[in-house]
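Given next are the chains, with one letter for each unit.
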Amino acid sequence: MNFRAASRVRVTAGKLHSMSSAFVIAWALLLLFSPGLAAQRPAVSGPGAASANPLDSPDLEKKVNELLAKMTLQDKIGQLVQYSAGQATGPSSGRTDDRDMIRKGQVGSLFNVTGSRETNALQHIAVENSRLHIPLIFGLDVIHGFRTTFPIPLGLAATWDPEIVEKASRIAAEEASASGVRWTFSPMVDIARDSRWGRISEGAGEDPYLGSVVARAYVRGYQGEHLDSPDSIVACAKHYVGYGAAEGGRDYNTTEISEHTLRQFYLPPFRAAEEAGAGTFMSAFNSLNGIPASANPFTLKQILKKEWGFKGFVVSDWTSVSELMAHGIAIDGATAARKALLAGVDMDMQSNLYHKNMFELVQSSQVREADIDEAVRRILRVKFAMGLFDHPYTDESREATAMLRPESIALAKTAGTRSLVLLRNEPVSGSPLLPLSASFSSIALIGPLADDAGNMIGSWGGLGRGQDAVSLRKALTQRLGDSRVRYAKGTDLLNGSDSDIAAAVRMAQVSDVAILALGENAGEMTGEAAARSWIGLPGRQQELLEKVVATGKPVVLILFSGRPLTLPWAFEHVPAALAAWFPGLEAGHALTDVLFGDTAPTGRLPLSWPRAVGQEPLYYNALNTGRPEADPAHPGEPGEKKFLSRYIDIANSPQFPFGYGLTYTSFSYGATQAVARQISFANLQRAFAENSDTSILSVSTEVKNTGSRAGEALAQLYIRLDGTSIAMPVRMLKGFQRLTLAPGESRKVTFGLDAKTLAFWGADNKFGVEPARLTVWIAPNSSEGQGTTLDISAE
Ligand code: NOJ
């Protein structure tokens, strides 16, 4: 039994009262003995899990309605307004200061204010001096930690470990709430297929299944067992929706996504967050099929609020309401405010337009007071569910002890270690270069990121401080002593001199091995507004790398980046390469543990790593096209592959596929076996209609540790459907399981596929099942494995 299976039973056990006990026991046993099922299923949408939503209770509605009945129109509008603390006083805002607004009940939320004393002081004004005593909700971008900084979200996703994501988010919640922050603008669950987009670093990559697993884990961690616990914070699923599909990877750019693609690929992680109980959503900056996401009634009202039944509230992104004017769908602020509110944006972040226009809009009947009521109800619902009315203040004594606890730092190290993806590990003198042999007596540590603690924190460091972070140099010298580690920067990230490069090369020449720490600047080159049109190593780093490799010394390349970097030369000439992303506070310790083999690398890519930027957008779950690159029907002459969907100058395949990652041993995967040769469509349809989680098909394979060390395999379940009403991707991830195997050990891994796993959005934009030909792979990554094919047969 693995941990996930155990916790799955624990999570759902309390909610099973309406089911027959025989079924409960059978279901629990099924989970205990089929760990794959537990990894595959949503944690809160299994049998009997429907009432988990803390925003959905008659008692809550009663409180909300009673308060609403006392509110004037101005009081109501105040609740819809949010500012970054101290930044509401721009030209013509008509504002004086935060305190005055709070006293007048003109603001429902402030963000970017931290510290229990500071937030309590403001909260006292709201609760004691405003007419209706409605508490404020304090928000912040707590993205991958608060004071204890974990790996950037892309790195957390690379762990493929929801348990780590959940624990990290819980720690973030405990720290943030001790500082008075009860609302985070996280998780970012945008599917991103283009590594030019700087914000690819902030999400979980390209896959809806992995994205959903990770989304649920964040929400569970932030919101905890009880949303009204003082150490829980409300999650915010963002950026709703389509933001990650920005054309050309350019931030804030237009997106065009068909309804089918939206539902099949982009919406599932949002849906998962909503099902896990996320109290808030953030509407995105981008336009989606011509309608800005912050004024899009189809996505906000129809899908989120109506189809999904979302009870919480939607906050706009920063000034995305006023940006409706730049988008061109409003020529004045009043129209922008009206369109956003009527589309379903309940709270206006920073635009000041709800405050300025909403009263007049209601007076002139352009907006009904009932529409305002609906938005206010949602905001009050969240405030009540958080327990803010009962305990509006933060216990100031918590703040001193909540931060940087030893166990939090220990988790930061574990998360850092498990986020590292070993991309390459070629033999040097007969054995793989990593883990580094103890016989190397001198190490040349080279590169602009080798002695850089600040960048380890990533682009959304919260209140993380560079001074708390451990650089690679620090950890390496702690471990080996000064005499064995020689350090040379070689070059800055952007600028470098011939003499510095030459000094680094000389140092490599006199050392046994060189470790190069290269990559991007977290703050300037990754994250928001950090799109890059070319995604190689900035500045003179490539030159430095090539010159150090030319010394003939073995080189370990450590890449710190918020995206995959296109380095085909490096991946051919450097024996060992690790994708480290930005590992957080414990970066150096995490890296040295892996470099010296205390821990083996276990991370896997949550996205496809391109060979060249021209391949972007690049994603494994693409459609086959009518002329796929490897099409037996169009073999062409040897060496001639024309008239196929391909580039003439580069392969279609990525440098490293989604799901890929090496470790210090190797595994073989046997052919995938299915227990049946056929699935009855009638049975499948019935199971789907009943929303049954029961396995329809069991598939398995043997995984063997073929190396000489114990190691962790990550068996990934992929499917493909052919013969369907709409073209489906060449592969879709549907589950994964971790297996620890001793050298030579072989184990059978089994997955159960239920009806939902085989369901998809059809040509009619309805979610359902269809007769089809099904291929299933249990594989080490998205491009390997021996699949098996069977029919979902209508007979
Ligand atoms: C803009 C960003 O797009 C969003 O992710 C963030 O939460 C807000 N600013 C608030 O800081």
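In the block above lies the structure referred to throughout.
Residues numbered from 1 in each chain as written. Predicted model: local features only at pLDDT ≥ 70, side-chain atom pairs only at ≥ 80, totals over all residues. Heavy atoms only, no water.

Asks: Explanation requested: the site of the ligand in the structure shown.
Replies: Lining the immediate environment of the ligand, one finds Phe-111, Asp-141, Phe-185, Arg-199, Lys-238, His-239, Met-282, Phe-285, Asp-317, Trp-318, Met-349 and Glu-528. At 2.7 Å from an oxygen atom of the ligand is found a side-chain nitrogen or oxygen belonging to Arg-199. Measuring from an oxygen atom of the ligand, one finds a side-chain N or O atom of His-239 at 2.7 Å. Considered on its own, the ligand offers 290 Å² of accessible surface; in the complex 95% of this is hidden by protein. Residue classes in the shell around the ligand are distributed as six nonpolar, one polar and five charged. (Near = heavy atom within 4 Å. Polar contact = N/O pair within 3.5 Å; in protein donor to acceptor, adjacent residues only side chain to side chain. Areas by Shrake-Rupley, 256 points an atom, 1.4 Å probe, with all protein chains shown as cover. Nonpolar A, V, L, I, M, F, W, Y, C, P; charged D, E, K, R; others polar.)

Asks: Can you walk me through the nonpolar core in this structure?
Replies: What tends to happen in soluble globular proteins is that the nonpolar side chains get buried as a cluster. Counting residues in each nonpolar core, the largest one holds 125 residues, and the members touching the most others are Tyr-240, Phe-281 and Tyr-354. Once residues within four sequence positions are removed from consideration, Phe-281 is found in contact with Cys-236, Ala-237, Tyr-240, Phe-270, Glu-274, Leu-304, Trp-308, Phe-310, Phe-313, Val-314 and Val-315. Ala-284, Phe-440, Leu-476 and Phe-582 belong to the second-largest nonpolar core, a separate cluster that totals 81 residues. (Core = buried A, V, L, I, M, F, W, Y, C linked by side-chain atoms within 4.5 Å. Buried < 20%, exposed > 50% of the residue type's maximum accessible area, 1.4 Å probe, protein only. Contact = heavy atoms within 4.5 Å.)

Asks: For this particular structure, what's the right way to read the sheet that holds strand E16 (residues 513–519)?
Replies: Strand pairing in a sheet takes place through backbone hydrogen bonds and is either antiparallel or parallel in direction. With mixed pairing, six strands are arranged side by side in an open sheet as E11-E18-E17-E16-E14-E15. Edge positions in the open sheet fall to strand E11 (421–425) and strand E15 (485–488), since each of these has one partner strand only. Averaged over all neighbouring strand pairs, the angle between strand axes comes to 15°, with direction disregarded. When strand E14 (residues 443–446) meets E15, the two strands line up parallel, connected through four bridges. The residue bridging Leu-445 from the neighbouring strand is Tyr-487, located in E15. Contacts from helix H26 (residues 587–595) reach E16, strand E17 (555–560) and strand E18 (576–579), with the element oriented near 150° to E17. (Pairing = 2+ DSSP bridges. Helix = DSSP H or I, 4+ residues; strand = E, 2+ residues; numbered from the N terminus. Axes fitted to C-alpha atoms, helices over the stretch in contact; angles between N-to-C directions.)

Asks: Mind showing me how you'd approach the pattern of salt bridges here?
Replies: Close approach of charged atoms allows side chains with opposite charge to pair. Scanning the entire structure with this criterion turns up 41 salt bridges. A salt bridge links Arg-271 to Glu-274, with the nearest nitrogen and oxygen atoms 3.1 Å apart. With Arg-271 and Glu-274 both in helix H12 (residues 268–275), this residue pair falls three residues apart, about one helical turn. Look at Glu-274 and you get buried, because its relative accessible area is 6%. The partner of Arg-563 in a salt bridge is Glu-520, with the nearest N and O atoms 2.5 Å apart. Here Glu-520 lies in the loop between E16 and helix H23 (522–525) and Arg-563 lies in the loop between E17 and helix H25 (568–573), a separation of 43 residues in the sequence. Each of the two residues, Arg-563 as well as Glu-520, counts as buried. One connected set of salt bridges, linked through shared partners, spans Asp-161, Arg-418, Glu-712 and Arg-738. (Salt bridge = Lys/Arg side-chain N within 4 Å of Asp/Glu carboxyl O.)

Asks: Help me out: how do you make sense of the packing of helix H4 (residues 58–70) against helix H17 (residues 369–385) in this one?
Replies: Packed helices, taken two at a time, are described by the angle their axes make and the gap between the axes. Closest axis-to-axis distance for the H4/H17 pair is 9 Å, and the angle between their directions is 125°. With respect to each other, H4 and H17 are oriented oblique. Where H4 crosses over H17, the handedness of that crossing is right-handed. Side by side, H4 and H17 meet where Leu-60, Glu-61, Lys-63, Val-64, Asn-65, Leu-67 and Leu-68 of the first sit next to Asp-373, Val-376, Arg-377, Leu-380, Arg-381, Phe-384 and Ala-385 of the second. Class assignment of the residues belonging to the contact of H4 with H17 gives a composition of eight nonpolar, one polar and five charged. (Parallel < 35°, antiparallel > 145°, perpendicular 65-115°, else oblique. Left-handed = near helix turned anticlockwise from the far one by under 90°.)

Asks: Would you explain the packing of helix H11 (residues 259–266) against helix H13 (residues 297–307) in this entry?
Replies: Put simply, H11 and H13 touch, their axes get as near as 14 Å, and they point 50° apart. The angle between H11 and H13 falls in the class oblique. Considering only the axes of H11 and H13, their crossing is right-handed. Facing H11, whose interface residues are Glu-259, Leu-262 and Arg-263, H13 presents Phe-298, Thr-299, Ile-303 and Glu-307.

Asks: Whenever I open this one, the side chain of Ser-471 confuses me. Can you help?
Replies: Here Ser-471 shows up in the loop between helix H20 (453–456) and helix H21 (472–480). Once residues within four sequence positions are removed from consideration, Ser-471 is found in contact with Ala-450, Asp-451, Asp-452, Ala-453 and Gly-588.

Asks: I'm lost on the sheet that holds strand E9 (residues 313–316) in this one. Help?
Replies: Within the open sheet, the three strands sit side by side as E5-E6-E9. Their pairing is parallel. One side of each edge strand has no neighbouring strand; the edge strands of this open sheet are strand E5 (236–240) and E9. Mean inter-strand twist for the sheet, computed between neighbouring axes without regard to direction, equals 25°. Across four bridges, the pairing between strand E6 (residues 280–283) and E9 is parallel. Each residue of the ladder has a partner; that of Thr-280, found in E9, is Phe-313. Along the sheet, H13 contacts E5, E6 and E9; its crossing angle with E5, the most-contacted strand, is approximately 145°.

Asks: What is the right way to look at the packing of aromatic side chains in this model?
Replies: Two descriptors summarise a pair of aromatic rings, namely the distance from one centre to the other and the angle between the planes of the rings. For the structure on display, the rule yields 26 aromatic pairs. Seen from their ring centres, Trp-160 and Phe-736 are 5.2 Å apart, and the 70° between their planes marks the pair as edge-to-face. Highlighted residues: Trp-160 in the loop between helix H8 (153–158) and helix H9 (162–178) and Phe-736 in strand E24 (residues 732–741), separated in sequence by 576 residues. For the pair formed by Trp-160 and Phe-736, the shared burial category is buried. A centroid spacing of 5.4 Å and a plane angle of 75° characterise the contact between Tyr-240 and Phe-281, whose relative ring orientation is edge-to-face. Linking Tyr-240 in strand E5 with Phe-281 in strand E6, this pair joins segments that are 41 residues apart in sequence. On the basis of relative accessibility, which here comes to 0%, the residue Phe-281 falls in the buried class. Through successive ring pairs, a cluster of aromatic residues spans Trp-160, Tyr-209, Tyr-620, Phe-658, Tyr-718 and Phe-736. Against the face of Tyr-718 rests Arg-731, its NZ or CZ located 5.4 Å from the ring centre. Over the ring of Trp-777 we find Arg-731, and its NZ or CZ is 4.1 Å from the ring centre. (Phe/Tyr/Trp six-rings, centres within 6.5 Å; stacked < 30°, edge-to-face > 60°. Lys NZ or Arg CZ within 6 Å of the ring centre and 35° of its normal.)

Everything listed here is a matter of coordinates, which is why it stays silent on function.
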